[in-house]
Amino acid sequence: QVHLVESGGGLVQAGGSLKLSCAARSFSNYGMGWFRQVPGKEREFVAAISGGGGITNYADSVKGRFTISRDNAQNTVYLQMNNLKPADTAVYYCARAKNSMVATIAPRYDYWGQGTQVTVSS
C-alpha cells in the first residue's frame, strides 16, 4: 500500500506564496500530480510531473504561478504556489500515477493523499 502525506497548506493573503509537499514510498519512476477540490465541485487537475521529472503539465489557471517539482532521493513532490488568489482556495491532494507518464485526469492515478487545506484571503 502506498501512503501519501501532504503538508504545507494554510491561510495566506492574496498575492502570497505557499509550498506544498507530498512524501511517499514507492515514489520513483511514477508520475505524480496535484489536484484540488472545493465543496460541491469535482476534483480539478492542477499540475503533474513525469517519473523522471523532465516533463510537467499545468492547468491554465495556474500556469506561470505554480511550479511542480520532485526530489526522487527524498521521495517527495512539491508544489510551489506564488501570487495566490482567492480562487485558489481548496483542499489540495497529491496523487501517484499508474505509470511514469504525465497524467491530467484523476482516473490515471491510483493512490491519493488525504489532502491539505489552502485558504487564500482577499
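Scroll up to find the structure this text is about.
Residues numbered from 1 in each chain as written. Predicted model: local features only at pLDDT ≥ 70, side-chain atom pairs only at ≥ 80, totals over all residues. Heavy atoms only, no water.

Asks: What is the right way to read unusual backbone geometry from this model?
Replies: Excluding glycine, residues mostly carry a negative phi; peptide bonds, for their part, are mostly trans. With phi around 75°, Asn-29 is a residue other than glycine that occupies positive phi space. Given the relative accessible area of 58%, Asn-29 is considered exposed. Phi is positive for Asn-83, close to 45°, though the residue is something other than glycine. Within the fold, Asn-83 resides in the loop between β8 (76-81) and β9 (90-97). (Buried < 20%, exposed > 50% of the residue type's maximum accessible area, 1.4 Å probe, protein only. Helix = DSSP H or I, 4+ residues; strand = E, 2+ residues; numbered from the N terminus.)

Asks: Explanation requested: the environment of Arg-43 in the structure shown.
Replies: Mapped onto the elements, Arg-43 comes out in the loop between β4 (32-37) and β5 (44-49). Sequence separation between Arg-43 and Ser-61 is 18 residues; the distance between their C-alpha atoms is 14 Å. Those residues in contact with Arg-43 that lie beyond four places of it in its chain are Phe-35, Arg-36, Gln-37, Tyr-93 and Trp-112. Within the structure, Arg-43 has its side chain in polar contact with the side chain of Gln-37 (distance 3.3 Å). (Contact = heavy atoms within 4.5 Å. Polar contact = N/O pair within 3.5 Å; in protein donor to acceptor, adjacent residues only side chain to side chain.)

Asks: Would you take a moment to explain the sheet that holds strand β7 (residues 66-71) for this structure?
Replies: In a beta sheet, neighbouring strands are held together by backbone hydrogen bonds and run either parallel or antiparallel to one another. Overall, antiparallel pairing links the four strands, which are arranged β1-β3-β8-β7 in an open sheet. A strand with exactly one partner marks an edge of an open sheet, and here the two such strands are β1 (4-7) and β7. On average, each strand axis in the sheet is inclined to that of its neighbour by 15°, with strand direction left out of account. Bridging between strand β3 (residues 18-24) and β8 involves six bridges; their strand directions are antiparallel. Looking at β8, one finds that Lys-19 is bridged to Gln-80. (Pairing = 2+ DSSP bridges. Axes fitted to C-alpha atoms, helices over the stretch in contact; angles between N-to-C directions.)

Asks: Could you clarify how one ought to interpret the pattern of salt bridges in this entry?
Replies: When the charged atoms of two side chains lie near each other, side chains of opposite charge can form a pair. For the structure shown, the criterion picks out five salt bridges. When the shortest N-O distance is used, the salt bridge between Asp-60 and Lys-63 registers 3.2 Å. Residue Asp-60 is classed as exposed on the basis of its relative accessible area of 64%. (Salt bridge = Lys/Arg side-chain N within 4 Å of Asp/Glu carboxyl O.)

Asks: How do you make sense of the state of the cysteines when you look at a structure like this?
Replies: What makes a disulfide is a covalent bond joining the sulfur atoms belonging to two cysteines. For the structure on display, the rule yields one disulfide. Residue pairing for Cys-22: its cysteine sulfur links by disulfide to Cys-94, the two sulfurs lying 1.9 Å apart. In this structure the cystine formed by Cys-22 and Cys-94 twists about its S-S bond by roughly 40°; its chirality is therefore right-handed. A residue pair is termed long-range when its members are at least 10 positions apart, and Cys-22 in strand β3 and Cys-94 in strand β9 qualify at 72 residues. Taken as a pair, Cys-22 and Cys-94 share a single burial class, namely buried. (Disulfide = S-S within 2.5 Å.)

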